[in-house]
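# Structural features, examined
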Amino acid sequence: MGVLSGKVVIVTGAGNGIGKECALLAGREGASVVVNDLGGGLKGEDAGSSGPAEEVAKQIRAGGGKAVSNSDSVSDYDAVAAMCEQAKKEFGGLHAIINPAGILRDGMFHKMAIEDWKAVIDVHLHGAFNCCRASIEHFREQGSGSYVLFTSTSGLIGNIGQANYAAAKLGVMGLSRIVAMEGLQKGVRSNIIAPFAWTRMIASIPVKDEASAARVERMKDGMRADQVAQLAVALCADGAKDTSGQIFAVRGNEVFLFNQPRPVRAMARLEGWTPQSLLDQALPALKASYTDPGASASVFPYDPV
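To start, this report covers the structure provided alongside it. (Residues numbered from 1 in each chain as written. Predicted model: local features only at pLDDT ≥ 70, side-chain atom pairs only at ≥ 80, totals over all residues. Heavy atoms only, no water.)

## Examining the nonpolar core
With 37 residues, the main nonpolar core has Ile 10, Leu 94, Ile 97, Tyr 147 and Leu 149 as its most contacted residues. Counting residues per element, the ones that place at least two in this core are β1 (8-11), α3 (77-91), α4 (114-133), α5 (136-142), β5 (145-150), α7 (163-183), β6 (188-196) and β7 (247-251). In terms of residue count, α4 provides more of this core than any other element does, six residues in total. Ranked by size, the runner-up nonpolar core spans 35 residues in total, among them Ile 60, Ala 67, Leu 235 and Val 250. (Core = buried A, V, L, I, M, F, W, Y, C linked by side-chain atoms within 4.5 Å. Buried < 20%, exposed > 50% of the residue type's maximum accessible area, 1.4 Å probe, protein only. Helix = DSSP H or I, 4+ residues; strand = E, 2+ residues; numbered from the N terminus.)

Here it is, written out as structure tokens:
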């Protein structure tokens, strides 16, 4: 009897990396799993293949679990709606969606192609919307349901060369928060995870010096996809019914809870502000509380503790 015994779970992007580990673990923990993966390349430029999703589904079945495969794109709302219906038809219900599906098209913003911006937003942000919107009414009607969506420190903190990815992932944070707020009285939960794990996405980042190479080796050994899967699966369980609207990060065996944006300081002027008075008084006074735009690495170092 696992923590997901009797549950039906959709896992997207489950042909590789974090998604694969989430699907395999969900199966071991007793869930019936719809294993979704487009089977495409890292940049999402090819037609894809049903092979990766079916291979993972076979592994779950070989271990005594229940699983079917699906090779549609999360960026297609109708396909995601059909995926939800597939879960109900095959297994008699749907209780949770874990959505790490994604692509990368990195580049400096001033050189970013419009199609690269749109493609990343479509898969990550629209994909998260599609997964939630296609299932939210079902979850509300049954009085329970859990979303585990994936964000990134690229959005929460920042990372040069990933404006498209960061914008999408920060959008997922806002989406998850509202879904959690609106679902509170209906038993519908939504949480997000910013993962640190060695996956093909991380492997695609160029290694330019010895220090970077050393960090890469530490990531391979100390920050694995299966470690992220533990929290993703736990958040789908009934035991996490009081956890919703939260932002987590997983790095190796560490689990972090992030704070959420709130005001840090205020300035008021009885007679109101003008551009000049803001320049003379407000901005200089607030400057000590500014967030350094270049401080991302020191705020959340990438080396495992």
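## Remarks on the pairing of β6
Most of β6 sits out of view: eight of its nine residues are buried. Both β6 and β7 contribute to a ladder of five bridges, which runs parallel. Its bridge partner lying in β7, Phe 196 is registered against Arg 251. (Pairing = 2+ DSSP bridges.)

## Brief notes about the packing of helix α1 (residues 17-28) against helix α2 (residues 51-62)
Interaxial distance between α1 and α2 falls to 9 Å at its minimum, and their mutual angle equals 25°. When the axis of α1 is compared with that of α2, the two are roughly parallel. In this structure, the crossing between α1 and α2 has a hand that is right-handed. Between α1 and α2, the residues in contact are Lys 20, Ala 23, Leu 24 and Gly 27 and Val 56, Gln 59 and Ile 60, respectively. Residues that form the contact of α1 with α2 fall into these classes: four nonpolar, two polar and one charged. (Axes fitted to C-alpha atoms, helices over the stretch in contact; angles between N-to-C directions. Parallel < 35°, antiparallel > 145°, perpendicular 65-115°, else oblique. Left-handed = near helix turned anticlockwise from the far one by under 90°. Contact = heavy atoms within 4.5 Å. Nonpolar A, V, L, I, M, F, W, Y, C, P; charged D, E, K, R; others polar.)

## Some points on the pattern of salt bridges
On inspection of all chains with the given rule, the structure shows eight salt bridges. Between Lys 88 and Glu 85 there is a salt bridge; the shortest N-O distance is 3.1 Å. Taken together, the positions of Lys 88 and Glu 85, both in helix α3 and three residues apart, correspond to about one turn of that helix. The partner of Glu 254 in a salt bridge is Arg 251, and the shortest N-O contact between them spans 3.0 Å. Looking at Glu 254, the relative accessible area reads 22%, which means it is partly exposed. (Salt bridge = Lys/Arg side-chain N within 4 Å of Asp/Glu carboxyl O.)

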